[in-house]
Amino acid sequence: MADLGGWGSLTLWAEGALPTRGSPYILVAFGAYMVGVFLLGALAHHLLERGSFLKQYFLGDRKLGPWVLALTYVATSVSAGSFVGFPSLIYLNGWVMAFWIGGYMVAGLVAKGALAKRLNQVSRLSGSITVPDVLRERFHSPALGLLAGIFLVLFLIVNLVGQFKAGGLIMRKAAEGVTDTAVYQGARDVSVAALDAMGAWDEKTGEQNAGKFYGNEYPDYVLGILIFALTVVAYTTYGGFWAVTWTDVLQGLVIVAGALLLMFFALRQMGGLAPATAALRQQDPRLVTGPGPDNYLPIGLAVSFFFLWTIGAMGQPVGMVRLMACPDTPTLKRSLFMIGIFYALIYLPLVIAFVCARALYPTQYLGDRSDDIMPSMALAFTEEFPLLGGLILAAPYAAAMSAVAGFLLLMSSSLVRDIYQRNINPSVSPRTVRWISYGTTAVVGMVVTLSAMHPPDLLQYIIIFTGAGMGCTFLAPTVMALYWRRATRPGALAAMIGGFCTVTLLWGLGMAGVGKEGATGPAAKKFAPVYLFGLDPMIHGLAVSFGLGVVVSRLTKPLPAALVDPYFLAGQEGQPEAKETTPQP
Amino acid sequence: MAVWLACLLWSTIAAAIGGYGRDPDDIGLIAGFPDWVFWGIVAPWGLCLLFSVWFCFWFMADDDLGKDTAGGADHG
């Protein structure tokens, strides 16, 4: 027993044994979850037979209920980064990560409360079904809609590669209990033969990279990624928005249950939270104080992340589309409340669970192996209950799947509606629209799958970059469109381009090695951006975007009142309530 | 946005004073959390949830969201 000052005493955890390999029952729980996903996808497909295909496929006909709206919003915003990258950071940095994620205490209120009602109104008035659609209609600018569509596709492709990587890693872990079976070995052999034929990997490469990403387990990762891609692309393509939202409901429930179960089992194994905190202080006092080990979270960066999770979340098109799908205000209010509850039930339990994980396994997952901590703990905490282990392991998989499905649909809507129908072929037939929508969702899925075969190393950096990038590109033009009648077309364009360029430039300079000399903590990492004045690029991007939007709007000619009035005077006597037709370019 | 600013200031000030540059031996425990995490993150998080009850069910007005004109472009 060791004395821990005022915190009592406890048995110090030695080098705990690493968790054992998975059980076949884990795959049973996983399989049950996947069957549920496919049933919901098939059911959703039936809805597409009725009504407007585009509005059904990309917006669910604006008929989401409060539970569905809340869970689809949460499931889409909680991605693989939350369940794979975030636990890894808690394990490495301890309690300071509670401060890092603290913005989620108010994220739902800010992101939905500030934009939801007005965005929904304007999208109805303009007949819009995508975010670029809203911008294009409000500012009467095909160029703005097209540019928004292109920026959206660029960011989403980068983000999807990271999500697919997480899906492949988790599937590999889930399959550990059946790797000796003939079926698995047969599939693996096919995977090895295909990689060999493509010249992408062979046994010799595996031996040379033993213990690393491209080591002998690489074909298992490829197999995992193929299963992940096939399932998520299939149900998204087949069922569209309804499939994505209904599966989001199932995935949202799995995510919440997974986080709570993980916390319960971690506390059970640790014997409470106080001994875990005490063990962390004993291992390294910096694990219980700010800024954490290696100056991980200076105050400036902590404030930046508070902005990212709240203000940045407001500018995410994938969330905005869900706000546009809300049928009425009572639904909006109930879902807004539920989103806050769900965030609390996911993020606080994750912090507690992985503080316990660090206490239980002090060194085993340090260094390059920290990304394995979540799937490994899911198995370690539930050795006696492998079915529950499967459910917990399904949580990050569900998080990756729901994010990917939402992004795939958004990307396909940008390609079909914002780029093809709006700019190339306005008179495209409904039948062609349907097949192009199916085709683009499937093709985008395949392209990302191939890219994810050789993914970048750091998942969390990809997700932070794309989140900050989309926030800085879309938030200012959207806020201007919704709330400022004096905003002009050039002003919105300047805001969008300014935000995009600022974020991309600061990340690009960082990756090129600028500003790394003498830097400590995350700023010193190879893939980190330049943290100008100690702040994340998102803060600078938002300042430039809003600043340019206001200045350029003030300096340019306002839109004619006849084009703006319907959005600001709708419902008032003598004013049109909504546009009668959707204008073509 | 006032609530957002209040949360940002509360969390940042509480964490900066209670958790940064402090001797780890002086940090107390509240329900197993380091005291600065409890007062800087857990407590305001709970208050935010209470606030959201009032905001969503008493403050936010039931407005008409308008007629939906989407879907015309793809001819149903």
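Just so you know, these numbers come straight off a predicted model, no measurement behind them. (Residues numbered from 1 in each chain as written. Chains lettered and ligands numbered in written order. Predicted model: local features only at pLDDT ≥ 70, side-chain atom pairs only at ≥ 80, totals over all residues. Heavy atoms only, no water.)

(A) Quick look at the overall build of chain A. Looking only at helices and strands, chain A features 22 helices and two strands. Taking all 585 residues of chain A together, 63% fall into the buried category. Counting contacts in chain A only where the partners sit at least 6 residues apart, residues at least 24 apart contribute 84% of the total. For chain A, the computed accessible surface area is about 20,000 Å², with 66% contributed by carbon and sulfur atoms. (Helix = DSSP H or I, 4+ residues; strand = E, 2+ residues; numbered from the N terminus. Buried < 20%, exposed > 50% of the residue type's maximum accessible area, 1.4 Å probe, protein only. Contact = heavy atoms within 4.5 Å. Areas by Shrake-Rupley, 256 points an atom, 1.4 Å probe, with all protein chains shown as cover.)

(B) Spatial organisation of the interface of chain A and chain B. Across the contact, 69 residues belong to chain A and 52 residues belong to chain B. Counting across the interface, chain A meets chain B through one salt bridge. A:Arg281 serves as the salt-bridge partner of B:Asp25, at 3.7 Å between the closest nitrogen and oxygen. The interface formed by chain A and chain B includes five residue pairs in polar contact (both at pLDDT 80 or more). Sorting the residues of the side of chain A that touches chain B by element identifies α2 (53–59), α5 (96–100), α6 (104–126), α12 (273–283), α13 (299–314), α15 (329–360) and α17 (386–424) of chain A as the ones contributing at least two each. Ranked by the residues each element gives to the side of chain A that touches chain B, the list is headed by α15(A), at 14 residues. Broken down by class, the residue content of the side of chain A that touches chain B amounts to 42 nonpolar, 16 polar and 11 charged. (Salt bridge = Lys/Arg side-chain N within 4 Å of Asp/Glu carboxyl O. Polar contact = N/O pair within 3.5 Å; in protein donor to acceptor, adjacent residues only side chain to side chain. Nonpolar A, V, L, I, M, F, W, Y, C, P; charged D, E, K, R; others polar.)

(C) Fine view of unusual backbone geometry. Residues and elements named next belong to chain A. The phi dihedral of His-140 is positive, around 50°, even though this residue is not glycine. Inspection of the secondary structure puts His-140 in the loop between α7 (131–139) and α8 (142–174). Given the relative accessible area of 26%, His-140 is considered partly exposed. We note that Asn-295 has phi near 50°; this positive angle belongs to a residue other than glycine. Here Asn-295 shows up in the loop between α12 and α13.

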